[in-house]
Amino acid sequence: MTLSERDKLYNWHPYTQHKTAANFPAIVKGKDALLWDENGKEYIDAIASWWVNPYGHSNTIIANAIYEQLTTLEHVLFGGFTHDKAVLLAEKLMEILPNNQKKLFYSDNGSTAVEVALKAAMQYFYNKGIKKSKIIAFHDAFHGDTFGAMASSGITFFTEAFQGSLLEVVRIPVPTKGNEESSIQILKDLVETNEYAAFIFEPLVQGAAGMVMYQPDVLDKMIAICNYNNVFTIADEVMTGFGKTGKTFASDYLMHKPDMMCLSKALTGGTIPMAITTFTQEIFNGFYDDNTNKALFHGHTFTANPTGCAAALASINLLQTVEMQHNIARIHQLHLDFEIKIKTHPRIKTTRVLGVIFALEIKTENQESYYGTMRNKLYNFFIENGIILRPVGSTVYILPPYVITNAQLEKVYTIVEKALEIV
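Residues numbered from 1 in each chain as written. Predicted model: local features only at pLDDT ≥ 70, side-chain atom pairs only at ≥ 80, totals over all residues. Heavy atoms only, no water.

1. A few points about the overall build of the protein
Counting its secondary structure elements, the protein contains 14 helices and 16 strands. The C-alpha radius of gyration computed for the protein amounts to 21 Å, which stays within 12% of the reference 22 Å derived for 423 residues, consistent with globular compactness. Along the first, second and third principal axes, the C-alpha set of the protein runs to 65 × 55 × 45 Å. Within the protein, the proportion of its 423 residues that are buried is 53%. Pairs at least 24 apart in sequence give 70% of the contacts found in the protein among residues at least 6 apart. (Helix = DSSP H or I, 4+ residues; strand = E, 2+ residues; numbered from the N terminus. Rg over C-alpha atoms; globule rule 2.2 N^0.38 Å. Buried < 20%, exposed > 50% of the residue type's maximum accessible area, 1.4 Å probe, protein only. Contact = heavy atoms within 4.5 Å.)

Structural data, given as C-alpha cells:
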C-alpha cells in the first residue's frame, strides 16, 4: 500500500469530508518553496503551508537552532520556572512589537492565543467587579476552532453546530470600501452600551474569508472609539504577523495600537507549534494583586517550550535580514505586476494585493460556497499542475514563502491564468 492509502486507514484530517475525499498526496520531503510526494512529484508551496513557512521548508538555520536546543534543554515546565530562551525571545519581541506591548503569554497555536486574549479581557473587568462579558467581532472573521475563538468567528458552517454553547459575540460589517462609516457607527453604538469587554479583528486582511482587505485609517478610528469607551482591542495577527503585509505586523500600519496581539503560525517558521498573546501593562496590572484568585489561571503543558522559543528566535532573526526584507519587497512587486496583467481578464471580478498577499475573485453567476464545486475544481487543477493553492469559494489567493524564486512564482501565475479558462 502507498502512504496515501495507509493514511486513509486511520487518520482524520482537518476540514475534510472523508466520504467524498480522494487520497491525499503524501509529502516526503521539502526544501525552500518546494515539496515532493512519495511518487517524486514536485509541488510549489504557494501558500507557505497555511501561512507558516515564510523562510521555506527544511531551513537549516532554524533546524540548527532547534538541534542545539534539543541537545541542551528540550523542555521544562514554565509554571514556577523559566529558561534562557523564553527570556531572550521576550526581549527580542519587545524590540519589534508596537511599543505599548509589555507582557507576553505563551501557548500552543493561533486558537489558544485568541482564547488567552478573550479570557484576559473578560477577567480583567471581572477582577474589578465590572460585568462586561460580550465581545465584538467582524462578519466572516476566522479566529480559530477552540470555543472562544470559534465564537468570535463568523463563518457559519464552522460554528453552526455549537450555537447556544458559545460566548455572546456581536458581529459588525467589515469596513471594506463603501462600508466604512456604517461599520464605524455600528461599533460606536455597541461600545457605548458599556457591555463589551473587547473588539477582536484580523488587522487589514481577513485571511480565511478570502483575503478580504480594508484600510488602516478606518481601523485606527475604530480602535480610538474602543479606547475612549474602555473596550479592549485584540489584533489577531496569527496570519498577518511576521512580514506578510509588508511590515513586521499589520498593526505597524496603525497610529492607534491594539491592547493585545495574537501571534502564531510563522512565529517559529513552520517548525514547532507555538503561540504568544501580548498585552499592555494596564491589562497585566489588572491581574497583579495580593488576591491569588485574581491571577490568570490559564496554562498549557508546553507553554514557552524552549525548543519552540529557539525556533522563534532563529525565525525572527531571519525575518530581519536584508535578504529576507528584499524578498518581501520583491514578491510584492511581482504581485503588483501580475495584478496589472490579470485584472482586466473577463473572468476576474476584483484583485487585491498587500505585501506578499495576492488575491483575485472570479466572476460567478451565483455565490460560490466555501468548499463548493468551483473551489474543488480549481484546487484539483492546481494540485494536478504541481501548485499548492487552496481557493476560498471563488477567491484564489497566493501567499508564498519569502524564499520562492521569480521563476517559481511566475509558474504559479501562469497556472492561475490557465485555471481561469476551466471555470
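Still more ground to cover, so stick around.
2. Some remarks on unusual backbone geometry
We note that N230 has phi near 60°; this positive angle belongs to a residue other than glycine. If you trace the backbone, N230 turns up in the loop between helix 9 (216-228) and strand 10 (232-236).

3. A look at the packing of aromatic side chains
To describe a pair of aromatic rings, one takes the distance between the centres and the angle between the planes. Within this structure, the stated rule accounts for 19 aromatic pairs. Ring geometry for F381 versus F382: centroids 6.2 Å apart, planes at 65°, classification edge-to-face. F381 sits in the buried class, given a relative accessible area of 15%. Judged by relative accessible area, which is 0%, F382 ranks as buried. Pairwise contacts between aromatic rings join Y15, W50, F142, F157 and F158 into one cluster. Taking the ring centre of Y253 as reference, the NZ or CZ of K247 above it sits at 5.1 Å. Above the ring of Y379, the side-chain terminus of R375 is found at 4.8 Å from the ring centroid. (Phe/Tyr/Trp six-rings, centres within 6.5 Å; stacked < 30°, edge-to-face > 60°. Lys NZ or Arg CZ within 6 Å of the ring centre and 35° of its normal.)

4. What to know about the state of the cysteines
Applying the stated criterion across every chain, the model contains zero disulfides. C226 forms no disulfide, and the closest cysteine sulfur to it belongs to C262, at a distance of 15 Å. With relative accessibility at 0%, the residue C226 sits in the buried group. Here C309 is not disulfide-linked; the sulfur of C262 is the nearest cysteine sulfur, at 17 Å. (Disulfide = S-S within 2.5 Å.)

5. A closer look at the nonpolar core
Ranked by size, the top nonpolar core spans 105 residues in total, and within it L89, L93, F199, F242, F382 and L389 carry the most contacts. Here the element with the most residues in this core is helix 11 (residues 306-319); it accounts for eight residues. In contact with L93, other than residues within four places in its own chain, are L104, F242, L263, I276 and I316. In this structure, A113, A120, I200 and I283 belong to the second largest nonpolar core, which totals 28 residues. (Core = buried A, V, L, I, M, F, W, Y, C linked by side-chain atoms within 4.5 Å.)

6. As for the packing of helix 8 (residues 180-191) against helix 9
Where helix 8 contacts helix 9, the two axes come as close as 10 Å, and the packing angle between them is 10°. Regarding the angle of helix 8 to helix 9, the classification is roughly parallel. On the side of helix 8, the interface is formed by E180, E181, S183, I184, L187, K188 and V191, while helix 9 contributes V218, K221, M222, I225 and C226. (Axes fitted to C-alpha atoms, helices over the stretch in contact; angles between N-to-C directions. Parallel < 35°, antiparallel > 145°, perpendicular 65-115°, else oblique.)

7. Brief notes about the pattern of salt bridges
Going through the model one piece at a time under the given rule, you end up with eight salt bridges. The closest approach of N and O atoms between K134 and E195, which form a salt bridge, is 2.7 Å. Here E195 lies in the loop between helix 8 and strand 7 (196-201) and K134 lies in strand 5 (residues 134-138), a separation of 61 residues in the sequence. The exposure class of K134 is buried, given its relative accessible area of 17%. Note that E192 and K188 form a salt bridge whose closest N and O atoms lie 2.7 Å from each other. (Salt bridge = Lys/Arg side-chain N within 4 Å of Asp/Glu carboxyl O.)

8. Quick word on the sheet that holds strand 14 (residues 357-362)
Pairing between the strands of a sheet is mediated by backbone hydrogen bonds and can be parallel or antiparallel. With respect to topology, three strands assemble into an open sheet ordered 13-14-16, the strand pairing being antiparallel. Lying at the two open borders of the sheet, with one neighbouring strand each, are strand 13 (348-354) and strand 16 (395-398). Sheet twist, expressed as the average angle between the axes of neighbouring strands with direction ignored, equals 15°. The sheet contact formed by strand 13 and strand 14 spans six bridges and is antiparallel. Counted as the bridge partner of L354 is I357 from strand 14. Contacts from helix 14 (residues 406-419) reach strand 14 and strand 16 within the one sheet, and its direction differs from that of strand 16 by about 175°. (Pairing = 2+ DSSP bridges.)

9. Notes on the environment of K221
Within the secondary structure, K221 sits in helix 9. Take K221: its relative accessible area is 45%, and that puts it in the partly exposed class. Expressed as a C-alpha distance, the spacing of K221 and I184, which sit 37 residues apart in the sequence, is 7.6 Å.

10. Things to note about the environment of W12
Mapped onto the secondary structure, W12 falls in the loop between helix 1 (3-10) and strand 1 (27-31). The exposed category is assigned to W12, whose relative accessible area is 78%. As for W12 and I155, which are separated by 143 residues in sequence, their C-alpha atoms are 22 Å apart.

11. Topic: the packing of helix 3 (residues 60-70) against helix 11
Where helix 3 meets helix 11, the axes come as close as 8 Å, and the angle between the chain directions of the two elements is 150°. Comparing the axis directions of helix 3 and helix 11 gives the class roughly antiparallel. The handedness of the crossing between helix 3 and helix 11 comes out as right-handed. Between helix 3 and helix 11, the contacting residues are I61, I62, A65, I66, Q69 and L70 on the first element and P306, T307, A310, A311, A314, S315 and L318 on the second. Residue classes in the contact of helix 3 with helix 11 are distributed as ten nonpolar, three polar and no charged. (Left-handed = near helix turned anticlockwise from the far one by under 90°. Nonpolar A, V, L, I, M, F, W, Y, C, P; charged D, E, K, R; others polar.)

12. Observations concerning the environment of V205
Among the secondary structure elements, V205 is positioned in strand 8 (residues 205-206). When near neighbours in sequence (up to four residues on either side) are disregarded, V205 contacts M211, V212, M213, Y214, M239, T240, T245, L354 and I357.

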